[in-house]
Amino acid sequence: MKRRVLLAVGVMLAGLVSPAVARAAEPLEYVALGDSSAAGPLILPQIDLPCLRSSANYPHVAAAKLGARLTDVTCSGAAIPDFSGKQFGFVPPQYKALKSTTDLVTVAIGANDSGLFQAALSCINLLPAPAGVSCKERYTAGGKDQLAASIDATAPALGKALDRIHELAPNARILVTGYGTYIRPGGCFPQVPVWPADGSYLQGVIDHLNRMIATQSAAHNATYVDLRTPSIGHDTCAPASQRWLEGLIPASDAAPLHPSRRGMAAFANLVAAAAN
């Protein structure tokens, strides 16, 4: 009789405790949204060729650190409209990965919406000044900074995207990553073939984009993860062994003007720390 009573009590307690234990044992459900700064184009191995997505990108490395179950839908070339529409006409909307059970979302977006990548390419000058055209002079002609204006115009769309993520994943924490330090003040011509003034201008535009992302994150209940400050000294001018972001001629398996494998690992540490 005593044994049956103890057994019954044990079963009852197990019934009370086991759901909590089961929940604790469940891995974090993590969804990564965004563009090539998170996808990792050309970093081997590539696991999705249309999106040039790497299994060594920061979402995968951070997920391993967090013990999380990852759904990575980052895609090179993505802009905010690709969250809700088909990219390239066939890649599913990134929002489709979000669920009510999602615990963590990382977002990396904004550079393509503001035309920053194309602007960076237009700043290339293979010969020293004055044998060329300054992109700073071109983009600030007439006293208006066209790139800054484009970034400011992107802000409302980013805010709406963060609101939509909250709606689709109401229980998730949202981390929004900025963009790194791509070039140091004055640049490093001719290693990176951008004139000194243009290099400083370009990084200033990236900094403006980061401030916009940080402002929208704060206004829409998301956490901004600063990648700029930690990457100082690891820019495209740094020695290959210290570089987190590659230049026009990559020294590793990464796309030009994108994070390297080393950079992805460093950014993953920052994301994992922010998620804890």
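Keep in mind that what you see is a predicted model, and the values were worked out from it rather than measured.

Draft legend 1. Structural view of the sheet that holds strand β5 (residues 104-108). Ordered by their spatial adjacency, five strands build an open sheet running β4-β1-β5-β6-β7, and the pairing between neighbours is parallel. Looking at which strands have only one partner, the edges of the open sheet turn out to be β4 (69-72) and β7 (223-225). Averaged over all pairs of adjacent strands, the angle between strand axes in this sheet comes to 20°, irrespective of strand direction. Bridge analysis of strand β6 (residues 173-177) against β7 gives three bridges, and the strand direction is parallel. The residue of β7 that forms the bridge with Val 176 is Tyr 224. Where helix α7 (residues 146-168) meets the sheet, it contacts β1 (29-34), β5 and β6, and its direction lies at approximately 150° from that of β6. Running over the sheet, helix α9 (residues 261-275) touches β1, β5, β6 and β7 and is turned about 150° from β6.

Draft legend 2. Molecular detail of the packing of helix α3 (residues 58-66) against α9. α9 packs onto α3 with a crossing angle of 50° between their chain directions and a minimal axis gap of 8 Å. Relative to α9, the element α3 lies oblique. Between α3 and α9 lies a crossing whose hand is right-handed. Only Met 264, Phe 267, Ala 268, Asn 269, Val 271, Ala 272 and Ala 275 of α9 make contact with α3, whose side of the interface consists of Tyr 58, Val 61, Ala 62, Lys 65 and Leu 66. Partitioning the contact of α3 with α9 into residue classes produces 10 nonpolar, one polar and one charged.

Draft legend 3. Structural context of α3. For α3, the full list of buried residues reads Tyr 58, Pro 59, Ala 62, Ala 63 and Leu 66. Buried positions in α3, seen along its axis, are confined to an arc of 130° and lie on one side of it. The secondary structure elements touched by the buried residues of α3 are β1, α2 (36-39), β4, β5, β6 and α9. At the exit of α3 stands Gly 67, carrying a positive phi of roughly 65°.

Draft legend 4. Expanded view of the nonpolar core. Leu 33, Leu 98, Val 105, Val 107, Ile 165, Ile 174 and Leu 209 are the most contacted members of the largest nonpolar core, which has 46 residues in total. When contributions to this core are tallied by element, the ones reaching two or more residues are β1, β5, α5 (116-122), α6 (135-139), α7, β6 and α8 (196-219). Judged by nonpolar contacts, the second largest core, of 25 residues, contains Ile 43, Ala 108, Leu 175 and Val 271.

Draft legend 5. Structural detail: the state of the cysteines. Inspection of every chain in the model, using the stated rule, returns three disulfides. Across a sulfur-sulfur distance of 2.0 Å, Cys 123 and Cys 135 are joined as a disulfide pair. An S-S torsion of about 100° defines the bridge between Cys 123 and Cys 135 as right-handed. Linking Cys 123 in the loop between α5 and α6 with Cys 135 in helix α6, this pair joins segments that are 12 residues apart in sequence. Cys 135 matches Cys 123 in its accessibility class, with the two residues each being buried. Counting only the cysteines that take part in disulfides, in the order they occur along the protein, gives the pairing 1-2, 3-4, 5-6.

The rules we used
- Residues numbered from 1 in each chain as written.
- Predicted model: local features only at pLDDT ≥ 70, side-chain atom pairs only at ≥ 80, totals over all residues.
- Heavy atoms only, no water.
- Pairing = 2+ DSSP bridges.
- Helix = DSSP H or I, 4+ residues; strand = E, 2+ residues; numbered from the N terminus.
- Axes fitted to C-alpha atoms, helices over the stretch in contact; angles between N-to-C directions.
- Contact = heavy atoms within 4.5 Å.
- Parallel < 35°, antiparallel > 145°, perpendicular 65-115°, else oblique.
- Left-handed = near helix turned anticlockwise from the far one by under 90°.
- Nonpolar A, V, L, I, M, F, W, Y, C, P; charged D, E, K, R; others polar.
- Buried < 20%, exposed > 50% of the residue type's maximum accessible area, 1.4 Å probe, protein only.
- Arc of directions from axis to C-beta.
- Core = buried A, V, L, I, M, F, W, Y, C linked by side-chain atoms within 4.5 Å.
- Disulfide = S-S within 2.5 Å.

That is the geometry; function is a separate question.
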